[in-house]
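# A look at the structure
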Amino acid sequence: MLSFNICQARRMFEGEMASLEAILKTHTIKVPKPIKVLDLPGGSTAFVMEHLEMGGLNRHSALLGAQLADLHLHNQQLGEKLKKEGNTVGKGQGQTEVQYVDQFGFHTVTCCGYLPQVNDWQSDWVTFFARQRIQPQMDMVEKKSGDREARELWAQLQLKIPSLFCDMEITPALLHGDLWGGNVAEDDSGPIIFDPASFYGHSEYELAIAGMFGGFSSSFYSAYHGKIPKAPGFEKRLKLYQLFHYMNHWNHFGSGYRGSSLNIMRNLVK
């Protein structure tokens, strides 16, 4: 049971609950079952979820990679199944808990750390990422420090981003959204992921924060890429996605993350 005495706690917990519910419905990877968000006396809020006996990720690293790929492929497979069924009247109606999603976003606000993420639906991934991931972070930096160099680099990078996605067809994938080493564990049955900030996005986005703070072995990556191979330009896009997390850390923890954020932008606009 987690409790926070802050006014944003309810929004944060409701986003986490919606994320856990969405992942749970895919039956691909284990998460703690969410139970309820409660308002407590004295103005604080608590989030009650299933208790799991969790240990550090160790034996089940490769299985985590495989199951994460299954999570990312789940929506695409739903779409393929729909096409196959050819929208036959009455066929498959109400048989699946999860509906195919053809846009990028999420039905509610989620938080990465304590900062809310704009998840308004967009049909285009590049637009979603630039407008609803980097721009809000840039606006916060601007508000706090009016960083001119950041602003100028971002203006250049915005023009460059579409070129990193040439000839790519991206199907929305349900993401955990904040998958670093501290949000994964295992029990006897296999891997567990928790503390999500979910939305439907590009599967590669998930691997950005995973690679920033360690915590994932080569067996995790080979199992993952065995199911979802790297597409051309993967490394550059990974840097672009890491930019979001460095900026998010800059806005959470201060200018210690400014250098990394600006370096990524400098390298990408070259």
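First things first, this report covers the structure right here in the doc. None of the values given here were measured: they were computed from a predicted structure.

Let us now look at the overall build of the protein. Each helix and strand counted, the protein has eight helices and nine strands in total. In terms of overall size, the protein behaves like a compact globule, its C-alpha atoms giving a radius of gyration of 19 Å where 270 residues would be expected to give roughly 18 Å. The dimensions of the protein, computed from C-alpha atoms along their principal axes, are 55 × 55 × 40 Å. Looking at the protein residue by residue over its 270 residues, the buried ones come to 49%. For the protein, contacts bridging at least 24 residues in sequence account for 68% of all contacts bridging at least 6.

Moving on to helix 2 (residues 61–85). One turn of the α-helix equals 3.6 residues, which is why residues spaced by three or four share an orientation. A rise of 1.5 Å per residue sets the reference length of helix 2, with its 25 residues, at 36 Å; its end C-alpha atoms lie 36 Å apart and thus fit the reference within 8%. Of all the bends in helix 2, the largest measures some 40° and sits at leucine 73.

Moving on: the nonpolar core. Trp125, Phe165, Leu240 and Met265 are the most contacted members of the largest nonpolar core, which totals 70 residues. When residues of this core are assigned to their parent elements, the largest contribution, nine residues, is made by helix 7 (residues 234–253). Not counting chain neighbours up to four residues away, the residues in contact with tryptophan 125 comprise Phe104, Phe165, Ile170, Phe199, Gly201, His202, Tyr205 and Tyr241.

Another aspect to go through is the packing of helix 2 against helix 6 (residues 218–227). At a minimum axis distance of 7 Å, the contact between helix 2 and helix 6 shows a crossing angle of 30°. Once helix 2 is placed against helix 6, the crossing between them reads as right-handed. Along its contact with helix 2, which presents Ser61, Ala62, Leu64, Gly65, Ala66, Leu68, Ala69, Asp70, His72 and Leu73, the element helix 6 presents Ser219, Phe220, Ala223, Tyr224 and Lys227.

The pairing of strand 7 (residues 184–187) with strand 8 (residues 190–193) spans four bridges and is antiparallel. When the sheet's bridge partners are listed, valine 184 is paired in strand 8 with isoleucine 193.

With that settled, consider the environment of alanine 62. If you trace the backbone, alanine 62 turns up in helix 2. Between the alpha carbons of alanine 62 and phenylalanine 216 there is a distance of 9.5 Å; along the sequence they are 154 residues apart. Alanine 62 has contacts with Ser219, Phe220 and Ala223, leaving out every residue within four places of it along the chain.

To continue, consider the pairing of strand 2 (residues 34–39). Successive residues of a regular strand alternate their side chains across the two faces of the sheet. Examined bridge by bridge, strand 2 and strand 3 (residues 45–49) share five bridges and lie antiparallel to one another. Following the sheet pairing, aspartate 39 is matched in strand 3 by threonine 45.

Turning next to the packing of helix 3 (residues 125–145) against helix 4 (residues 148–160). As a packed pair, helix 3 and helix 4 sit with axes 11 Å apart at the nearest point and diverge in direction by 165°. By the angle between their directions, the pair helix 3 and helix 4 is classed as roughly antiparallel. Seen from above, helix 3 lies across helix 4 with left-handed handedness. Of the residues in helix 4, those touching helix 3 at Ala130, Ile134, Gln135, Met138 and Glu142 are Ala150, Arg151, Trp154 and Gln158. Split by residue class, the contact of helix 3 with helix 4 holds five nonpolar, two polar and two charged.

Conventions we followed
- Residues numbered from 1 in each chain as written.
- Predicted model: local features only at pLDDT ≥ 70, side-chain atom pairs only at ≥ 80, totals over all residues.
- Heavy atoms only, no water.
- Helix = DSSP H or I, 4+ residues; strand = E, 2+ residues; numbered from the N terminus.
- Rg over C-alpha atoms; globule rule 2.2 N^0.38 Å.
- Buried < 20%, exposed > 50% of the residue type's maximum accessible area, 1.4 Å probe, protein only.
- Contact = heavy atoms within 4.5 Å.
- Expected span 1.5 Å × (residues − 1).
- Bend = angle between axes of the 7 residues up to and from the residue.
- Core = buried A, V, L, I, M, F, W, Y, C linked by side-chain atoms within 4.5 Å.
- Axes fitted to C-alpha atoms, helices over the stretch in contact; angles between N-to-C directions.
- Left-handed = near helix turned anticlockwise from the far one by under 90°.
- Pairing = 2+ DSSP bridges.
- Parallel < 35°, antiparallel > 145°, perpendicular 65-115°, else oblique.
- Nonpolar A, V, L, I, M, F, W, Y, C, P; charged D, E, K, R; others polar.

As far as function goes, none of this settles anything; it's purely spatial.
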